[in-house]
Structures are given as C-alpha cells and as structure tokens.
Amino acid sequence: MQFDTEMQKRGLRYLRALTRWDILAILLILTLLLILGLIVRQTISPFSVAAQPDISLSVWKLPGYTLKTTFRMLTGLLASILFTFGYATLAAKNRRAEMILLPILDVLQSVPVLGYLSFISVLFLDLFPHTWLGPELAAIFAIFTAQAWNMTFSFYQALKTIPHDLDEACRCFRLTAWQRFWRLEVPFAFPGLVWNMMMSMAGGWFFIVAAEAITVGHLHIVLPGLGSYLAKAISTRDLPAVGWSILAMAIAIILCDQLLFRPLVVWADHFRFEQEQTRIHPKSWVWRLFRKARMVRMATRPARQGLRWLMKAPLPQLSRRNRSARLNHKLDGTIGWALLTGLLILMAWKLYCLIRPGLTCQDVLIVLENGAITLTRVIILTALASLVWVPLGIEIGLRPRLSQWVQPIAQFLAAFPANLFFPVAVLLIVKYHLTPSIWLSPLMILGTQWYILFNVIAGASAFPKDLKEAAEMLRVKGWKRWRKILIPGILPYYVTGAITASGGAWNASIVSEIVNWGPTTLNGSGLGAYIAQMTINGDYPRIALGIAVMSSIVMATNHLVWRPLYTFAARHNQPG
C-alpha cells in the first residue's frame, strides 16, 4: 500500500512537471510515429506488376501521396548521410584510396538517375518479389543517387580544409581517429553539410517523377506518391491537378524546412569556426519547443548520454606502420593508378560486351554529337549561373541580417522542383513557336544553380572576421578586394558548388532536353534526350552507350578542369 502511494505521488510530480511544451512535443512525436507505422505497413504489403494500384487525381488522395513521397525522400537522405560519412572520410584520409574513390565518385555522379533505374529496378524486384519493398527500395535508391554525391563532395572538401591549429590541438590532446571524427571533423563540416543536405533534398524532388513512375521498356511500375500523381496529371493534361500537386509539394517542402532543416541550421550554428559575437543567430520554433519540453528531455536523456559516450569513446588507435616501412609517394601513386587502370579496363570490357550487339559506328557518332551539344549547354549555363550567384552569394554571406531573410527564400526556391514548371515551358514554346533546342536549355540549370549559391553563401558566412577587419583597416576596396580577399576565401566552396552544379545539370538533361505535356513532346536534342528516349524504348545497349559517353565527358571535365582548380583552391584557401 505504501508502495502504491509512493508511485501515485511520483506520478503526480511528473504530471505537475508536464508543460504545454511537453504536450506539443509528445503530440508531434506520436503523429510522426503513427505516419511512419502506416507507411511501413504499406511497404511490406503484397505487390504484383500485373495488378498495380491506379493513381487517382482526387485532391483528397494528395495528403497520403505527399506523406509517402516525403518518407522516401527522408529515407534516401538518411542513406546519403551514412554514405557520406564513410566514403568521404576514407577518400580524405587515405591518399591511396583517394586516387581510386574520387574517380569512382565522378562516375557515380555522372550516371543519370534513369541510368540507375534502367538496371537497378529489375534487381530490386528480383531480390524482394511479391512485396512493395522491391519497388520502394528502387525508388529510394533512385532518390539516393540524386542526393548523395553533393553531400559527399561537401564533406570531403570540409575534411581537406580543416585549419592547422585545430588539427594540432587534436594531436596535443591525443585524440583517437574515432574521437577526432566526432569531436572535430563532423562539427567543423556540419554547417556546410546541412546546407548541402537541403540542396540534396531539392535534387531528390527534381527526380521524384522518374523515381515513382518507373518506365523502362515494357516494365511499368507506379508507386503511390506525389511524383506519380504529377506524372499522371501531365500525361492527361490536367492543369488543376498540376496546380494541386504544386501546392502539396510546397506545403511538404515548408514542413520539412520547419520540422527538420531549421532545427539543424540552429544546431549547426553552434559549430561555426571563428564565430562572430555580433552575428545574428538563426531561430527555430521546433528547436525551442524541444529545448523547453522538460519531460521529453528527461525521457531521452539516457539515449543522449549513450550517444555522447559512444562518440567520445577512446576506441583503440589503429596500429601505425613505421615511417621507414612506408612506401614512398611515387610507389603509392603507381599502385593507385595501376588499380584504377585495371578497374577502368574491366568496366570498359563489360561495357563493350553489353553494347557490342546491334551497334554500329554510326550509333557512336550520334551519341558523341549529342554529347557535344549537351556539353556546350552545361558550360554556358554553369558560367552564366556563376556570374550571377557568386557576387550575390558573397554579399549575402557577408551580411548576417540580409542572410537571415534571403536564405529561407532561397532555400524554398532551391527545394522547389523546377520540373513542375516544365508544362508551362512547353505551352509557351508551342504558343510562340520557339526553338526547343534553345529554350529548353535553361531548364537544365533551374534546379542546379542553387548549388553554387548555397556553397558561396556558406563560404562567405565562414569568412574569418580578422581578415575582413584587416581589409577595412588597410582600405582594400573595389576589384582588388574581390581579387585578393573575397574570391580566394570562397574558392573551395565555389568549386564544390560548381562541381555539383555541373554534374546536376548533366543529370537534369535527362528530363529537360525532352519534355512532355500530354501528347505534345518537345525534343531539344542532346545526350540527355537520347538516353531518355532509349530508356522509354527499353534499348539497353544504347542506354549503356549513352551513359558511358556521359560518364566519360563528366570525368574528363572533372579531371581536366575541376580537380586542378579544387587542388589550387585547397592550397590557397587563405585570402591575401
């Protein structure tokens, strides 16, 4: 009896401690868990290619479709984060691995989403037959391929540009590699990584139609979601349905921003290097909500303490080889290039065996000609986007008050998929009899130009305060200030943004060089249009040939242009 009384008193104390912040936080958590449970239940339900559900254009179906699409987007984002931590860290820490992993990353980035879907969809259907898990994993993998590469490049760039004084501090405290990763490298890279996560979400939204309405030859898979809803609205030329899908996607983007990204931005603000005392700090009502929810914090305290202990655990350091036993740099390079060459030869042989049947020299010439057309577009569009967004991004990043107002607007515009405006572009081109090969070109850069802006803003925001004050004291102004201080300071960030923007433009060419609106199809020519058409036809040899040429062009551009510029930026990242 005394025990029951004590339990009742303890329960009353907890109820008195319960505030309105706790109630709101608990309701929010329970709602998210309920939605997650419903989606997981649908994922393990039976599936048949011959009996797929019909996509309804009813407005009342849109909330469910939007939740399913958002779940796929967030799952792909989580997989991208795990991939980024492993892949980028290995490439940044191991010189021999870097020589192999970076070219592979170039290839992975250059392969379009439709290229992955063409070969991966059947694999997932075979691995998980008769359940929705196979198509769901195929869609999530497609979204992952639109998100992961940008985040990986961002994290790699941050690891390569860690200040020497922070590195020396870690050595003085004798941190292990595990402790250094969680106590220095992740916090230092986190602010830039958060903004690139937002851009990766935008990349996922851009290809959501291709991911949820999979069409490869005779294989047609339609997953209930916002992308398949939009695809049906476009095929039936239902303008009201397109408008409702735009509204639903805008609401989903705003909710993701408020519930996920704004709290992450506030959290990342605590890890900024050389933070100014007078800088305006970002705010988030969700962050404030969970900070004030005492019951939630008490309930999650053991889990948070366990994570802190795991991140700071003094795991044993890997044994290091004696310096005298290490191979010299020349031998390291020889081994790395030998492995890379062997891998490329093996890939080329497998590709040759795949595309040899039914292809002629004329097919190769056609693909090379289309590749040259798309390459010209990518160069011109990336240059124009750089001329516009580099100066604006620097000015925004150097002005905290302006940045506070502009960043949410730019984030929304970046996250909003540009392909929703494709029907409007088709109507205008047809109405005014414009040339598709010219006026479809800007569609390639609409969604990827934000990579440049966000990376430049991140670089300008992290600009050292002492250098800005020194420039003001020495009265360095005008073009000299830009050439000697500002541009060198943001150059590593710009190169990261330009690499991902150009790679995203190549990927976007698949859906922007050939655009449909009901029975109307506009073909702007180019390698993207070629691959898209061959994917619809189910012509696997020509799909492989187009992807191989696209990958080769992107790799050549990265190694001849972007990689040397990136190395130069990493060595001269200090303005002056």
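These numbers were taken from a predicted model, which means no experiment stands behind them. (Residues numbered from 1 in each chain as written. Predicted model: local features only at pLDDT ≥ 70, side-chain atom pairs only at ≥ 80, totals over all residues. Heavy atoms only, no water.)

Draft legend 1. Here's a closer look at the overall build of the protein. Within the protein, the regular secondary structure consists of 24 helices and four strands. The proportion of buried residues among the 576 residues of the protein is 49%. In the protein, the share of contacts with a sequence separation of at least 24, taken over all contacts with a separation of at least 6, comes to 82%. Split by element, the accessible area of the protein, about 29,600 Å² in all, is 68% carbon and sulfur. (Helix = DSSP H or I, 4+ residues; strand = E, 2+ residues; numbered from the N terminus. Buried < 20%, exposed > 50% of the residue type's maximum accessible area, 1.4 Å probe, protein only. Contact = heavy atoms within 4.5 Å. Areas by Shrake-Rupley, 256 points an atom, 1.4 Å probe, with all protein chains shown as cover.)

Draft legend 2. Here's a closer look at the confidence of the model for the protein. Averaged over all residues, the pLDDT of the protein is 76; the fraction at 70 or higher stands at 77%. Taken together, the stretch residues 318-327 has pLDDT below 50 and engages in four contacts with residues farther than four places along the chain or on a different chain. (pLDDT = per-residue confidence, 0-100.)

Draft legend 3. Molecular detail of the nonpolar core. Counting 142 residues, the largest nonpolar core has F155 and Y494 as the members making the most contacts within it. At 15 residues, helix α8 (residues 177-206) tops the list of elements feeding residues into this core. Setting aside residues up to four positions removed in sequence, Y494 forms contacts with S386, V390, I452, V456 and W562. (Core = buried A, V, L, I, M, F, W, Y, C linked by side-chain atoms within 4.5 Å.)

Draft legend 4. Spotlight on the packing of helix α3 (residues 62-93) against α8. The N-to-C vectors of α3 and α8 enclose an angle of 140°; their axes lie 10 Å apart at closest approach. It follows that α3 is oblique to α8 by the angle criterion. Crossing handedness for the pair α3 and α8: right-handed. Contacts between α3 and α8 involve T69, T70, M73, L74, L77, I81, T84, F85, T89 and K93 from the former and R180, F181, W182, E185, V186, L193, M197, S200, M201, G204 and W205 from the latter. By residue class, the composition of the contact of α3 with α8 is twelve nonpolar, six polar and three charged. (Axes fitted to C-alpha atoms, helices over the stretch in contact; angles between N-to-C directions. Parallel < 35°, antiparallel > 145°, perpendicular 65-115°, else oblique. Left-handed = near helix turned anticlockwise from the far one by under 90°. Nonpolar A, V, L, I, M, F, W, Y, C, P; charged D, E, K, R; others polar.)

Draft legend 5. Region of interest: the pattern of salt bridges. Counted under the stated rule, the structure contains six salt bridges. Among the ionic pairs, R72 bridges to E212, the shortest N-O distance being 2.7 Å. With R72 in helix α3 and E212 in helix α9 (residues 208-212), this residue pair connects regions lying 140 residues apart in the sequence. Classification of R72 by relative accessible area gives buried; the value is 1%. (Salt bridge = Lys/Arg side-chain N within 4 Å of Asp/Glu carboxyl O.)

Draft legend 6. Structural detail: the packing of α3 against helix α11 (residues 239-268). Axis separation between α3 and α11 bottoms out at 10 Å; the angle between their running directions is 45°. Relative to α11, α3 is oriented oblique. Relative to α11, α3 is oriented so that their crossing is right-handed. On the side of α3, the interface is formed by L62, T66, T70, L74 and L77, while α11 contributes W244, S245, A248, A252, C256, L260 and F261. Looking at side-chain class alone, the contact of α3 with α11 contains nine nonpolar, three polar and no charged residues.

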